[in-house]
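Listed below are the residues making up each chain.
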Amino acid sequence: MLLFEHCTQCMKKVLTLLKHMRAKSISVLLLIVLLFSIIPSVHASQESTVDQFGTGFNEVVIADRTDGLDEPRDLEFHPNPTRSDELWIVNRADDAMVIIHETGTSSQTSEERLDAYRNHFMEEVSAIAFGAYDDEFDYTFGTAQESRNTYNGAYDPNNFMGPALWPSSLSHFAMENQNGPLGGSHIDMLHESPDGMGIAHDNGNAYWYFDGYYGHLVYYDFQMDHDTGETDHSDGIVHRYSDVQLNRYPGVPSHMVLDKDSGILYISDTGANRVLWVNTDDQSTSSTDIYNQPSRMEPLAQYLRVDGVEWGVLDTGLNRPSGIALDGSSLFVSEYGSSEITAYQLDANGRSATVTDVIQTSAQKIMGIEIGPDNQLYYVDNGRDQVVRIDPYY
């Protein structure tokens, strides 16, 4: 494993804290007014130590090209307690999944799995989110695809693209239907959102999706999966939250995470350099049937536009935010443009936050981030084809 050591320089940290409104006290009134006008939802911080950052940290490379990483963009640990040491990483270059077993131990191994039909169901994959447990498939997971459906350039784009649902059972994923006639090992897909940039699980087989083509937040409920390789999508529910205008930055995922206790969804809105919050439990919304709109690409059980949802800006002025991870009331955001990771302490209502610290990583192109079962922070370096763990020290 390659080891990078970072020592925190006091002056650099102070300047970084000031840039993001982290000073404990500032006597210049003009600066205070200016900062509050730019970042209305972020408070000044009190100096504290973030568990995942420590007073300093080392960076340890957990996986690289020798494990099959090829333009990795996101990562998640398996939620099954008996498989919690499995780290799942999505590759853009070959539309593949790299699975690290016994992550970070002396017994660590890796495998790359390539579904035979990945040129549609995982084309230009940008994000992964584990979902609900299933007796047959173990935990299922959803993926987002930054594609307009070209089958990796073989055809002209037709926008028949959206989130895909998969089994995580190792006897099913990239194992079943690999020689046809059915469509590989995926267990469902819906197709109303080309250029998907992020995905977050809600409940059951329902997910929130960053629609980069139309610039909307979209709620997808696959309801009952159609089993491996099948094609019936007619029970799908799609709700388009067009009030929440999202901004795609091509090639850089806009990851999302849902606080299932509060119902607040956090979104890295990469193209607008901001982090958003959305109250997914808002009961005051209204809806309109849009079944006959051309953006519907298949028979569905329901296709609605939802208006009036409560949402807001958590932070702005960031440098291409991409990865996002939640640990209790701590929110972490990676910035593709600067390779920094910012830690926020969320307020009780989840709609505002205090920035508690910022670290500078060595990443060339930082994207997805994840809190591991060891409570340590992992990130994807798309530029070096690596997954890196932050090892804090005190």
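Computed from a predicted structure; not experimentally measured.

### Description of unusual backbone geometry
Along the chain, glycine 180 connects to proline 181 via a cis peptide bond; the corresponding omega equals -5°. With a phi close to 60°, glutamate 71 is a non-glycine residue in the positive phi region. Examined against the element boundaries, glutamate 71 turns out to sit in the loop between β3 (56-63) and β4 (72-77). On the accessibility criterion, glutamate 71 (32% relative accessible area) is partly exposed.

### A short note on the side chain of glutamate 192
The residue glutamate 192 is located in the loop between β11 (188-189) and β12 (196-201) in this model. Of the side chains with opposite charge, arginine 296 lies nearest to the buried glutamate 192, which makes no salt bridge, at 6.6 Å.

### As for the side chain of arginine 274
Relative to the assigned elements, arginine 274 resides in strand β18 (residues 274-279). Polar side-chain contacts of arginine 274 include one of 3.0 Å to the backbone oxygen of glutamine 245. In contact with arginine 274, other than residues within four places in its own chain, are Gln245, Asn247, Ile267, Ser268, Asp269, Trp311, Val313, Asp315, Thr316, Leu318 and Pro321.

### Considerations on the environment of glutamine 376
Inspection of the secondary structure assignment puts glutamine 376 in the loop between β26 (366-371) and β27 (377-381). For glutamine 376, a relative accessible area of 19% puts it in the buried group. Residues glutamine 376 and isoleucine 390, 14 residues apart in the sequence, show an inter-C-alpha distance of 6.4 Å. Aside from chain neighbours lying at most four places away, what touches glutamine 376 is Glu370, Ile371, Arg389, Ile390, Asp391 and Pro392.

### A few points about the pattern of salt bridges
Taken as a whole and assessed by the stated rule, the structure comprises 14 salt bridges. A salt bridge links glutamate 124 to arginine 92, with the shortest nitrogen-to-oxygen separation between them at 2.6 Å. In this pair, glutamate 124 is assigned in the loop between α3 (118-121) and β8 (125-134) and arginine 92 in the loop between β5 (87-91) and β6 (96-101), connecting sequence segments 32 residues apart. The partner of glutamate 310 in a salt bridge is arginine 351, with the nearest N and O atoms 3.2 Å apart. Placement of the pair is glutamate 310 in the loop between β20 (302-307) and β21 (311-316) and arginine 351 in the loop between β24 (340-346) and β25 (353-360), with a sequence separation of 41 residues. Put simply, Arg73, Glu146, Asp195 and Arg248 are held in one network by salt bridges that share partners.

### Concerning the confidence of the model for the protein
With 88% of its residues at a pLDDT of 70 or more, the protein has an overall mean of 91. Across residues 1-40, confidence stays below pLDDT 50; counting only partners more than four residues off in sequence or on other chains, it has 70 contacts.

### Notes on the pairing of strand β13 (residues 206-211)
Across the six residues that make up β13, a large majority, six, are buried. Burial along β13 is two-sided: Ala206, Trp208 and Phe210 and Tyr207, Tyr209 and Asp211, pointing in opposite directions, are all buried. Here five bridges tie β12 to β13, and the two strands are oriented antiparallel to one another. The residue of β13 that forms the bridge with isoleucine 199 is tyrosine 209. Between β12 and β13, which follow one another and run antiparallel, lie four residues, and glycine 204 among them has a positive phi close to 55°. Pairing of β13 with strand β14 (residues 216-221), which is carried by six bridges, proceeds in the antiparallel orientation. Within β14, the position partnered with tryptophan 208 by the bridge is tyrosine 219. Linkage of β13 to β14, two consecutive antiparallel strands, is achieved through a turn of four residues, within which glycine 215 is found at a positive phi near 75°.

Parameters and conventions
- Residues numbered from 1 in each chain as written.
- Predicted model: local features only at pLDDT ≥ 70, side-chain atom pairs only at ≥ 80, totals over all residues.
- Heavy atoms only, no water.
- Helix = DSSP H or I, 4+ residues; strand = E, 2+ residues; numbered from the N terminus.
- Buried < 20%, exposed > 50% of the residue type's maximum accessible area, 1.4 Å probe, protein only.
- Lys, Arg positive; Asp, Glu negative; His and termini not counted.
- Salt bridge = Lys/Arg side-chain N within 4 Å of Asp/Glu carboxyl O.
- Polar contact = N/O pair within 3.5 Å; in protein donor to acceptor, adjacent residues only side chain to side chain.
- Contact = heavy atoms within 4.5 Å.
- pLDDT = per-residue confidence, 0-100.
- Pairing = 2+ DSSP bridges.

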